[in-house]
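# Coordinate inspection notes
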Amino acid sequence: SIQNAKDKTSVLDLSDVNFNKYSQVVITLTPAQAEQLKKSENALSLNSSGFNVLIPAATLPDFISSSGLLLTISLADASDTAVLSGSSAAINIGSSILTIKNGWTTGKPITLQLNLKDSSLRDARKTAGYAETKDHKWSYLQPGSFSKEGILQFTVTGDGSYSVAFRNVSFKDIGTHWAKG
């Protein structure tokens, strides 16, 4: 059930959903429920143990059609490394892969919060949000920010698969320099 919070956010708690057991979960609101949510001018927050999705009130109408609100979410474990799009460089995947499908194309943002799987990925200078490309490589999205300890937050503007990754870049000419630190 959707719970109204005090901060103008309606919360759908998905913490009991075992995303490892299901390949995808479809969240559906009837047209009447979706209209009621839209009229409330509340944001919609989908909260799970591995992620949070916040759909702002201004973006919510883009998710609603004449058949209500339909949103497909999947959360999958990721391998430890992946290939950076446009390069042969590797990145270290630092969270599960969150896939969101709704068909919204307006470019209005939603906010994702992904739990990091390793404490070594908490360097904000090297950790960022990434989007999976059609050729299954990863494209840098934005740096994001740490909303809480171990959770990276960033915004997205369309359907896709998203993860947190860490890229450690070093330069050969400073490998033994005293200031490498």
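Summarised in this report is the structure supplied together with it. It should be emphasised that the depicted structure is a prediction, and the values quoted were computed from it without experimental measurement.

Cut-offs used in this document
Residues numbered from 1 in each chain as written. Predicted model: local features only at pLDDT ≥ 70, side-chain atom pairs only at ≥ 80, totals over all residues. Heavy atoms only, no water. Core = buried A, V, L, I, M, F, W, Y, C linked by side-chain atoms within 4.5 Å. Buried < 20%, exposed > 50% of the residue type's maximum accessible area, 1.4 Å probe, protein only. Helix = DSSP H or I, 4+ residues; strand = E, 2+ residues; numbered from the N terminus. Contact = heavy atoms within 4.5 Å. Polar contact = N/O pair within 3.5 Å; in protein donor to acceptor, adjacent residues only side chain to side chain. Salt bridge = Lys/Arg side-chain N within 4 Å of Asp/Glu carboxyl O. Pairing = 2+ DSSP bridges. Phe/Tyr/Trp six-rings, centres within 6.5 Å; stacked < 30°, edge-to-face > 60°.

### Notes on the nonpolar core
By size, the foremost hydrophobic cluster in this structure holds 33 residues, and its most contacted members are L46, F51, V53, L69, L98, I110 and L112. Ranked by the residues each element gives to this core, the list is headed by strand β7 (residues 68-76), at 4 residues. When residues no more than four places from it in sequence are discounted, the contact partners of L69 are I27, T28, L29, A34, L44, L60, F63 and I64. In terms of nonpolar packing, the next biggest core, distinct from the first, is built from 10 residues, I91, I93, A128 and Y130 among them.

### Some details on the side chain of N52
Its location among the elements puts N52 in strand β5 (residues 51-55). Of note is the side chain of N52, whose polar atom sits 2.9 Å from the side chain of Q113.

### Let's talk about the pattern of salt bridges
When the charged atoms of two side chains lie near each other, side chains of opposite charge can form a pair. Per the counting criterion, the structure on display carries 3 salt bridges. A salt bridge links E35 to K38; the nearest nitrogen and oxygen atoms lie 3.7 Å apart. Of this pair, E35 and K38 both sit in helix α1 (residues 31-40), 3 residues apart, roughly one helical turn. Note that D80 is salt-bridged to K117, the shortest N-O span being 3.6 Å. Here D80, found in the loop between β7 and β8 (81-83), pairs with K117, found in the loop between β11 (110-115) and β12 (127-132); they are 37 residues apart in sequence, far enough to count as distant. Since its relative accessible area comes to 42%, K117 is described here as partly exposed.

### Description of the environment of S96
Checked against the element boundaries, S96 lands in the loop between β9 (90-93) and β10 (97-101). Between the C-alpha atom of S96 and that of S79, which follows or precedes it by 17 residues, the distance is 8.9 Å. Leave out the neighbours within four places in its chain, and S96 touches L75, A76, D77, L114, Y162 and S163.

### Here's the deal with the pairing of strand β14 (residues 145-148)
When β14 meets strand β15 (residues 151-156), the two strands line up antiparallel, connected through 3 bridges. In the strand pairing of β15, F146 is matched with L152.

### Examining the packing of aromatic side chains
In total, this model carries 3 aromatic pairs according to the counting rule given. Judged by centre distance (5.4 Å) and plane angle (75 degrees), the ring pair of F19 and F51 falls under edge-to-face. A residue pair is termed long-range when its members are at least 10 positions apart, and F19 in the loop between β2 (9-13) and β3 (25-29) and F51 in strand β5 qualify at 32 residues. As far as burial versus exposure is concerned, F19 and F51 are alike and both buried.

### Observations regarding the environment of R125
Here R125 shows up in the loop between β11 and β12. Between the alpha carbons of R125 and S145 there is a distance of 9.9 Å; along the sequence they are 20 residues apart.

### Some remarks on unusual backbone geometry
Notably, E41 is not glycine yet its phi reads approximately 60 degrees, a positive angle. Tracing the chain through its elements places E41 in the loop between α1 and β4 (43-47). Backbone geometry places H136, a non-glycine residue, at a positive phi of 65 degrees. Residue placement: H136 occurs in the loop between β12 and β13 (138-142).

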